[in-house]
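Residue-level structure breakdown
Each chain is listed here by its residues.
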Amino acid sequence: MDLEKNIQLVQSKIAAAALAAGRSPEEITLCAATKVQSDDTIRSAIASGISVCGENRVQELTAHLAAGAYAGAKEVHFIGHLQTNKVKQVVGKVALIQSVDSLHLLQAIHTQAEKLGIVQDILLEVNIAGEESKSGCSPELLSQLVLETHRLPHVRLRGLMAIPPISSSPGANRRYFAEMHQLFIDITQKMSDNQGVMDCLSMGMSADYEDAIAEGATLVRVGTALFGPRPPMGPR
Ligand SMILES: *Cc1c(COP(=O)(O)O)cnc(C)c1O
C-alpha cells in the first residue's frame with residue numbers, strides 16, 4: 001500500500017468531482033478517518049498532505065494526542081459516537097465534534113466548554129436513512145437541537161454530518177446526500193447571522209465521497225481509500 005499515492009489519488013478524485021458539479025475543489029475538505037491507524041501512519045499521512053484527521057474513538061484520540069501524532073495537521077475532529085461521560089476527554093482537544101446527536105450530549109459538551117472558557121465547534125449528526133442501529137438524530141429532533149444550540153453560548157453550530165447506509169451499489173446514497181443538503185440549506189436560511197456559521201456539511205466515505213460532493217458535501221471522511229482495509233472493529 002502506498003499511502004502517498006492513495007492520498008494524491010483521493011485528492012484528485014475530490015477535485016474532479018467538485019469540478020464536475022460546478023464547484024471549486026477548495027470548497028471541499030478531506031478528513032482522513034484515522035481509526036486503528038498507528039501514530040507513525042498518522043504522521044506519514046500528515047507528511048503526505050493530510051491536514052485534517054478524524055478520530056472515531058476517545059481512547060485512540062487520547063493516545064494519539066499524548067504521542068503528538070497529529071503534529072503538523074491543521075485540525076483534529078471527533079467523528080465517532082461520543083458518550084456523555086467522555087466529553088471531558090474531547091471538548092477543547094479537537095477543533096470540531098462532528099457527531100452530536102442528542103440534547104443530553106449537546107448540554108454536556110456545553111457544560112464542559114463553559115468550564116474551560118471556550119466555544120466548542122460542533123456538527124449535528126443526522127440519521128438520515130432512519131436506520132435503527134445507527135447513531136444520529138432524526139430529522140424531527142434536529143430542529144430541536146438546532147434551537148438548543150442557539151441558547152448555548154459555549155457551542156457553535158457549524159453544520160451537519162451524516163453516515164448513510166453502506167452503499168449497496170454506486171449511486172445508492174445520492175438521495176440521502178440530497179436530503180442532507182436540503183436540511184442544511186433549510187437550517188442555514190432559518191438562522192440569523194449571530195447564531196453560528198453553517199459552513200460544514202460532512203458526508204461521504206470511501207465508497208461514495210464523489211456522490212456526496214455532487215450533492216453538496218463540504219467535508220468528506222475517508223479511511224479505507226487512504227489507508228487500506230481495516231481489521232474488524234471490536235466493541236467500543
Ligand atoms: C471510519 C469512518 C469513516 C471512513 O470510512 P471508510 O469507509 O473507511 O472511508 C467515515 N466516517 C466515520 C464516522 C468513520 O467512523
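If you're wondering where the values come from, they're calculated on a predicted model, not measured in any experiment. (Residues numbered from 1 in each chain as written. Predicted model: local features only at pLDDT ≥ 70, side-chain atom pairs only at ≥ 80, totals over all residues. Heavy atoms only, no water.)

When helices and strands are counted, the protein chain shows eight helices and eight strands. Considering only C-alpha atoms, the protein chain reaches an extent of 45 × 40 × 35 Å along its principal axes. Per-residue burial over the protein chain gives 48% buried out of 236 residues. By element, 51% of the accessible surface of the protein chain is carried by carbon and sulfur atoms, the whole surface being about 11,100 Å². Side chains of the protein chain give 21 positive and 25 negative charges; the mean places of these two sets differ by 4 Å. (Helix = DSSP H or I, 4+ residues; strand = E, 2+ residues; numbered from the N terminus. Buried < 20%, exposed > 50% of the residue type's maximum accessible area, 1.4 Å probe, protein only. Areas by Shrake-Rupley, 256 points an atom, 1.4 Å probe, with all protein chains shown as cover. Lys, Arg positive; Asp, Glu negative; His and termini not counted. Charge placed at Lys NZ, Arg CZ, Asp CG, Glu CD.)

The next thing to look at is the site of the ligand. In the region of the ligand, the neighbouring residues are Ala 33, Lys 35, Asn 56, Ile 79, Ile 163, Met 205, Ser 206, Arg 221, Val 222, Gly 223, Thr 224 and Arg 230. Between Arg 230 and the ligand, the recorded distance is 2.7 Å, taken from a side-chain N or O atom to an oxygen atom. Within the complex, the protein chains bury 90% of what would otherwise be the 380 Å² of accessible surface of the ligand. Grouping the constituent residues of the shell around the ligand by class yields five nonpolar, four polar and three charged. (Near = heavy atom within 4 Å. Polar contact = N/O pair within 3.5 Å; in protein donor to acceptor, adjacent residues only side chain to side chain. Nonpolar A, V, L, I, M, F, W, Y, C, P; charged D, E, K, R; others polar.)

Successive residues of a regular strand alternate their side chains across the two faces of the sheet. What you see with strand S8 (residues 219-222) is no split at all: Leu 219 and Arg 221 on one side and Val 220 and Val 222 on the other are buried throughout. Relative to S8, strand S1 (residues 29-33) is paired through four bridges, and the arrangement is parallel. By the bridge assignment, Cys 31 is partnered in S8 with Arg 221. (Pairing = 2+ DSSP bridges.)

Moving on, we come to the nonpolar core. Counting 64 residues, the largest nonpolar core has Ile 109 and Leu 160 as its most contacted members. Once residues within four sequence positions are removed from consideration, Leu 160 is found in contact with Leu 123, Leu 124, Val 126, Leu 142, Met 180, Leu 183, Phe 184, Ile 187, Cys 200, Leu 201 and Ser 202. Counting seven residues, the second-largest nonpolar core is a separate cluster that includes Cys 31, Leu 96, Met 161 and Leu 219. (Core = buried A, V, L, I, M, F, W, Y, C linked by side-chain atoms within 4.5 Å. Contact = heavy atoms within 4.5 Å.)

By the element assignment, Glu 60 lies in helix H3 (residues 58-67). A residue is classified by how much of its surface remains accessible, and Glu 60, at 15% relative accessible area, is buried. Sequence-wise, Glu 60 and Leu 96 are 36 residues apart; in three dimensions their C-alpha atoms are separated by 16 Å. When residues no more than four places from it in sequence are discounted, the contact partners of Glu 60 are Thr 34, Lys 35, Val 36, Gln 37, Glu 55 and Tyr 70. A distance of 2.7 Å separates a polar atom in the side chain of Glu 60 from the backbone nitrogen of Val 36.

Angle between the axes and distance between the axes: these two values describe a pair of packed helices. For the pair helix H4 (residues 103-116) and helix H5 (residues 139-151), the least separation of the axes is 10 Å and the interaxial angle reads 15 degrees. Relative to H5, H4 is oriented roughly parallel. Seen from above, H4 lies across H5 with right-handed handedness. Residues Leu 103, Leu 106 and Gln 107 of H4 lie in contact with H5, whose contacting residues are Gln 144, Leu 145, Glu 148 and Thr 149. For the contact of H4 with H5, a count of residues per class yields three nonpolar, three polar and one charged. (Axes fitted to C-alpha atoms, helices over the stretch in contact; angles between N-to-C directions. Parallel < 35°, antiparallel > 145°, perpendicular 65-115°, else oblique. Left-handed = near helix turned anticlockwise from the far one by under 90°.)

It is worth spelling out the pattern of salt bridges at this point. Tallied over the full model, the rule gives 10 salt bridges. Here Glu 179 and Arg 175 are joined by a salt bridge, their closest N and O atoms 3.7 Å apart. Pair noted here: Glu 179 and Arg 175 are both in helix H6 (residues 174-190), with a separation of four residues, about one helical turn. The class of Glu 179 is partly exposed, set by a relative accessible area of 34%. Classification of Arg 175 by relative accessible area gives exposed; the value is 51%. Each of Asp 121, Arg 156, Arg 158 and Asp 199 takes part in salt bridges that share partners, so that together they form one network. (Salt bridge = Lys/Arg side-chain N within 4 Å of Asp/Glu carboxyl O.)

All right, on to the environment of Ile 46 then. For Ile 46, the location among the structural elements is in helix H2 (residues 39-47). The class for Ile 46 is buried, based on a relative accessible area of 12%. As for Ile 46 and Tyr 70, which are separated by 24 residues in sequence, their C-alpha atoms are 7.5 Å apart.

A few words on helix H1 (residues 3-20). Helix length check: H1, at 18 residues, gives a terminal C-alpha distance of 26 Å against a target of 26 Å (1.5 Å per residue), a fit within 8%. Among the residues making up H1, those that are buried are Leu 3, Asn 6, Ile 7, Val 10, Ile 14, Ala 17 and Ala 18. Projected down its long axis, H1 carries its buried residues within an arc of 105 degrees, all on one side. Residues of H1 that are exposed and point over 90 degrees away from its buried face: Lys 5, Leu 19 and Ala 20. Structurally, H1 contributes buried residues whose contacts are with S1, H2, helix H7 (209-214), S8 and helix H8 (224-227). Its side-chain oxygen at 3.2 Å from the backbone nitrogen of Glu 4, Asp 2 defines the N-terminal cap of H1. Of the residues one or two after H1, Gly 22 is the one with positive phi, at around 75 degrees. (Expected span 1.5 Å × (residues − 1). Arc of directions from axis to C-beta.)

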